[in-house]
Amino acid sequence: NGPERGLGHIRLRFNDALHDTVGETSCFNGDKEGEDGAGNTIPLCPAIGRIRHIGPKFDSSNDPLGGLPITANSELAGPVGGFGWILQLDDGPPKNLKIDQVEVDSSTPLMLAIPYPIGTSFSVTAHAAWCSTTNSNSCTEDFLSSDSIEHVRHSQGNQYYYDSATQLLYVRIIMFPQSYTGDNLLSVTPKWRLWDLDDLNNVSWQPRTHSLDRFSFGGITLPRAGYANYLEIIADCTEGSVSGHCATTPAYVEPQVCPSGYIQVSYDKCCVSQGSTDCYDPTAPPTTSPTPPPTYDPNSNLVLNPGFEDEANGLANWSANGATIELDTSEKHSGTQSLLCKDRTATWGGAQQDMFGRFQANATYRLSVWAKIKGTDVASDDFKLTLSIRDDEPNPHYVGLYGTITNSEWTLLEGDLTVSVTGTMTAVKLYVERPAVEVDFWVDDFSAVLVS
């Protein structure tokens with residue numbers, strides 16, 4: 001047996017219009033067909049995707065069907081504590097996925113992986129049900145981007161990781177209280193944490209003994225799903241021909257779950273050979289920094305891949321934010337290419353980079369970017385370089401530099417901004433925005449240098 005083996009259960013919702021017809025008018029989930037009120041036969045729901053365990057032991061050579069079928073309004077139960085479950089939908093990656101009815105013990109991690117195209121940006125949020133924010137509880141938790149699968153697995157359950165090599169998004173699915181996402185049991189202000197089935201409820205208005213719903217009988221305690229609380233994954237990608245799904249499904253690359261010299265012998269275990277007792281333990285927590293963090297000269301540029309000239313991937317370290325982003329060699333301020341921001345869904349749409357870990361709280365930075373409008377319809381428009389900052393305040397706050405850009409030449413926007421923080425900084429992102437929603441524009445040669 002693997003060292004963290006257990007059972008887990010979740011429900012997936014990514015198309016409410018379809019899911020809400022299951023058992024009513026479209027189809028039945030279960031082992032037999034049903035009838036509607038008029039006596040008409042309702043067929044079994046067809047497969048609209050597949051889910052399986054991650055690793056070569058479960059690849060197409062061993063399972064040509066690609067895993068268990070996913071149907072509308074799917075409820076999934078299976079072994080957890082392994083390398084994870086991978087979800088693939090026939091219509092493409094979901095732009096909005098809600099995961100509810102979670103039942104999983106915190107000692108048996110459930111990792112969920114979903115393929116998304118490079119350039120997709122993500123918002124992952126836990127939502128409590130019937131919740132009002134107070135001094136003792138919070139109602140939502142925004143997950144932070146992490147730097148490895150291992151850090152997500154050993155996190156408090158509020159991180160995600162996008163692996164550009166395999167083009168997989170990883171999220172750890174955990175149970176959190178039905179009516180709040182954070183309490184002040186271990187902190188002055190409400191904080192999220194990795195809840196255990198034995199954790200006692202610390203919110204006075206919630207008439208229950210334990211934080212998580214549970215069922216105990218005969219000395220055995222099982223997790224029991226809360227009602228109406230859910231985890232939401234929003235993917236900002238180009239929509240395809242099927243509404244609610246990304247246009248592109250990346251070619252699947254099987255992750256390497258075992259180190260060199262070991263083979264996968266089960267969904268949660270790697271050994272030298274089948275039946276060997278010489279096995280690798282994947283559950284050992286990683287060090288705080290598996291790769292020594294880079295040091296920066298005070299005068300160095302803290303923006304990674306600032307001119308989109310990364311030889312391996314020109315989009316490295318950048319993601320879309322309410323827009324489509326792509327490399328463009330036809331126009332550049334310097335080098336061989338720039339970044340084009342197009343198909344914007346709002347005036348704040350553009351490109352963004354996560355600066356957490358490089359920007360310091362309450363420090364001042366000199367920021368700059370070159371920009372130019374594409375096309376001849378609009379000669380000039382407003383432009384803004386913005387920092388989005390999250391800290392102990394309940395909502396993010398923003399600071400920015402304002403300017404005007406044109407379609408005739410590249411314009412430099414430059415100025416100083418202070419990363420003002422209340423308490424502890426938990427996230428900071430740099431992004432471009434402001435032109436009218438129909439305006440496409442190029443950006444190039446970003447810079448962020450510490451001033452004080």
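Residues numbered from 1 in each chain as written. Predicted model: local features only at pLDDT ≥ 70, side-chain atom pairs only at ≥ 80, totals over all residues. Heavy atoms only, no water.

A. Seen up close, the sheet that holds strand β7 (residues 85–89). Spatial strand order, β5-β4-β7-β9-β15-β14-β13: seven strands in an open sheet with mixed pairing. With partners counted over all chains shown, the strands left at the sheet margins are β5 (68–70) and β13 (144–145), one partner each. For β7 and strand β9 (residues 110–115), the ladder comprises two bridges, and the chain directions are parallel. Across the sheet, the residue bridging to W85 is L112, located in β9. (Pairing = 2+ DSSP bridges. Helix = DSSP H or I, 4+ residues; strand = E, 2+ residues; numbered from the N terminus.)

B. Region of interest: the sheet that holds strand β20 (residues 263–266). Taken in spatial order, the three strands of this open sheet run β20-β21-β22, and their pairing is antiparallel. The open sheet terminates on both sides in strands that have one partner only, identified here as β20 and β22 (279–280). As judged from the three bridges shared by β20 and strand β21 (residues 269–271), these two strands associate in the antiparallel manner. Each bridged residue has a counterpart across the sheet, and for S266 the counterpart in β21 is K269.

C. Just the state of the cysteines, in detail. As enumerated under the stated definition, the model contains four disulfides in all. Note that C131 is cross-linked by a disulfide to C139, the S-S spacing being 2.0 Å. Looking down the S-S bond of the C131 and C139 bridge, the torsion is -80°, so its handedness is left-handed. By relative accessible area, which is 11% here, C139 ends up buried. Between C341, a free cysteine, and C237, which holds the nearest cysteine sulfur, the sulfur-to-sulfur gap is 16 Å. (Disulfide = S-S within 2.5 Å. Buried < 20%, exposed > 50% of the residue type's maximum accessible area, 1.4 Å probe, protein only.)

D. Here's a closer look at unusual backbone geometry. Notably, N317 is not glycine yet its phi reads approximately 75°, a positive angle. The exposure class of N317 is partly exposed, given its relative accessible area of 42%. At D343, a position not held by glycine, the phi torsion is positive, near 50°. You can see D343 is positioned in the loop between β25 (338–342) and β26 (350–354).

E. Focus on the packing of aromatic side chains. Applying the stated criterion across every chain yields a total of 13 aromatic pairs. Summarising the aromatic geometry, the rings of W130 and Y227 are spaced 5.8 Å apart at their centres and angled 25° between planes, so their arrangement reads as stacked. One end of the pair, W130, is in the loop between β10 (121–127) and β11 (137–138); the other, Y227, is in the loop between β18 (220–223) and β19 (230–236), and 97 residues separate them in sequence. The same class applies to W130 and to Y227, which are both exposed. Here the aromatic residues Y116, F122, Y160 and Y162 are joined through ring pairs into a cluster of three or more. (Phe/Tyr/Trp six-rings, centres within 6.5 Å; stacked < 30°, edge-to-face > 60°.)

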